[in-house]
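Overview (structure and organization)
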Amino acid sequence: MTALPDVLPDPIVYLNGELVPLSEARVPVLDRGFIFGDGIYEVAPLYAQAGGRRTAFRFRQHLARLARSVGKIGIANPFDDAGWRALIERVVAANEADGGLRDDQDAIAYIQVTRGVAKRVHAFPAGIQPTVFVMVTPLNLPDAAQRAHGVRCVTAEDRRWLNCDIKSVSLLGNVLMAQYAAENDAFETIQLRDGMLTEGSSSNVWVVKGGVLSAPPRSHKILEGIRYGLIEELTAECGIRFDARDITEAELRAADEIIVSSATKEVLPVTQLDGQPVGEGKPGEVFAALYSAYQRAKAHEALEAQEAQQGVENESRERVTA
Ligand code: PMP
């Protein structure tokens, strides 16, 4: 019996201590992730480098958010940072060996931790083991046309709960927003809560007016994307003023530029909102500057990782010859 429709790829995944084909990975139906959506997840890009290495971009920050997510819902983190890194490397290596992932392919690491399996009672059961699932699949970044022309978005009222800062697998609110976008031939739904911008169904949203970049401040109303801190840094590098502040619906609609960001989208310009052009209806200068700076940040991290690896190799060679 296969658990997957035939059209789906079948990567090697990690589930509770084992590496297995996705089609054979099983969790009991009483897993609290299935029954209650009682779990969290993380999504991190692994960029392919020349020479077959991969850089887990901003991985320290992704692992810190993972630690915050489990902490916020009272699950003991199943691994420390070194443990998570080693685990991701294991899954990557298994998929490379299996031919499911080519050396030159960017990838995405999906990590999910649920509270585990127990009798169906709402409150936390004592003494259960978290379920840990890791999947590494090819990452398809937006194409050049999307960056050149920008994407269309629609707006909707944000009806999600007020713990949006937790990267919870309880994503029904986000799923409904993504579906709303799909039904309206849009790339993403940009949400507003009580007339104020919050975020997309799976992205943070940035607004440019008069050369100043703004985003809603970090709070329980949005998920703090790993790109939030990154873009803050990139604005400083590019000499762009950044303002974290509440943004009204009128300001969103009057923006010169709107940008969405996420691990799988990097930064993308929004050139149409609810059928109206954003600014001049084409990607703007702030987007162009941030996109270039983002690519430089990737190259910089790749170089740092390569140097660190070189350092480790030199050190072990010295130890052998000493
Ligand atoms: N907000 C929501 C609701 C998201 O799902 C995502 C994507 N994980 C983001 C923001 C952006 O986060 P990141 O930059 O870490 O991908």
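None of the values given here were measured: they were computed from a predicted structure.

**A closer look at the domain arrangement of the protein**
If you check the domain split of the protein, you get domain 1 (12-138) and domain 2 (144-298). Between domain 1 and domain 2, the C-alpha centre-to-centre distance is 26 Å. The partner domain 2 presents 20 residues to the 21 residues of domain 1 that form the contact. Each partner contributes to the roughly 1,700 Å² buried at the junction of domain 1 and domain 2, and carbon and sulfur atoms together form 61% of this total. Across the contact surface, domain 1 and domain 2 share two salt bridges. Salt-bridge contacts for Asp165 lead to Lys72; the nearest nitrogen and oxygen are separated by 2.8 Å. At the junction of domain 1 and domain 2, the tally comes to eight residue pairs in polar contact (both at pLDDT 80 or more). Residue assignment for the side of domain 1 that touches domain 2 shows that the elements contributing at least two residues are strand S3 (39-48), helix H2 (59-72) and strand S5 (107-114). At seven residues, the largest contribution of residues to the side of domain 1 that touches domain 2 is made by S3.

**Overview of the site of the ligand**
Every one of the 15 residues lining the ligand counts as a neighbour, but Lys167, Glu199, Ile226, Arg227 and Ala263 are closest to it. A distance of 2.8 Å separates an oxygen atom of the ligand from a polar atom in the backbone of Ala263. In the complex, the protein chains occlude 93% of the 390 Å² of accessible area that the ligand would expose alone. Among the elements of the structure, helix H6 (226-238) and strand S13 (257-262) are those that each provide at least two residues to the shell around the ligand. Class assignment for the residues of the shell around the ligand results in three nonpolar, eight polar and four charged.

**Looking at the packing of aromatic side chains**
Under the defined criterion, the tally for this structure stands at nine aromatic pairs. Their ring planes at 45° and their centres at 5.2 Å tell us that Trp206 and Tyr228 sit as a pair that is tilted. Within this pair, whereas Trp206 is found in strand S10 (residues 204-209), its partner Tyr228 is found in helix H6, the two being separated by 22 residues in sequence. One aromatic cluster is present, built from ring pairs that chain together Tyr41, Tyr110 and Phe133. When the ring centre of Phe124 is taken as origin, the NZ or CZ atom of Arg115, which lies over that ring, is 3.4 Å away. If you follow Lys298 out to its NZ or CZ, it ends over the ring of Tyr47, 4.1 Å from the centre.

**A short note on the state of the cysteines**
Per the stated rule, a full pass over the model turns up zero disulfides. Here Cys153 stays unpaired: no disulfide links it, and the sulfur of Cys164, its closest cysteine neighbor, is 18 Å away. The buried category is assigned to Cys153, whose relative accessible area is 2%.

**Brief notes about the environment of Gly229**
Here Gly229 shows up in helix H6. Here Gly229 falls in the buried class, since its relative accessible area comes to 18%. Counting along the chain gives 38 residues from Gly229 to Val267, while the straight-line C-alpha distance between them is 13 Å.

**Thoughts on the pairing of S5**
The element S5 is largely enclosed, with a buried count of seven among its eight residues. Where S5 meets strand S6 (residues 131-138), eight bridges bridge the pair, whose relative direction is antiparallel. Across the sheet, residue Ala109 finds its bridge partner in S6, namely Val136.

What counts, and where the lines are drawn
Residues numbered from 1 in each chain as written. Predicted model: local features only at pLDDT ≥ 70, side-chain atom pairs only at ≥ 80, totals over all residues. Heavy atoms only, no water. Domains from an automatic or database assignment. Contact = heavy atoms within 4.5 Å. Buried area = accessible area lost by both parts, 1.4 Å probe. Salt bridge = Lys/Arg side-chain N within 4 Å of Asp/Glu carboxyl O. Polar contact = N/O pair within 3.5 Å; in protein donor to acceptor, adjacent residues only side chain to side chain. Helix = DSSP H or I, 4+ residues; strand = E, 2+ residues; numbered from the N terminus. Near = heavy atom within 4 Å. Areas by Shrake-Rupley, 256 points an atom, 1.4 Å probe, with all protein chains shown as cover. Nonpolar A, V, L, I, M, F, W, Y, C, P; charged D, E, K, R; others polar. Phe/Tyr/Trp six-rings, centres within 6.5 Å; stacked < 30°, edge-to-face > 60°. Lys NZ or Arg CZ within 6 Å of the ring centre and 35° of its normal. Disulfide = S-S within 2.5 Å. Buried < 20%, exposed > 50% of the residue type's maximum accessible area, 1.4 Å probe, protein only. Pairing = 2+ DSSP bridges.

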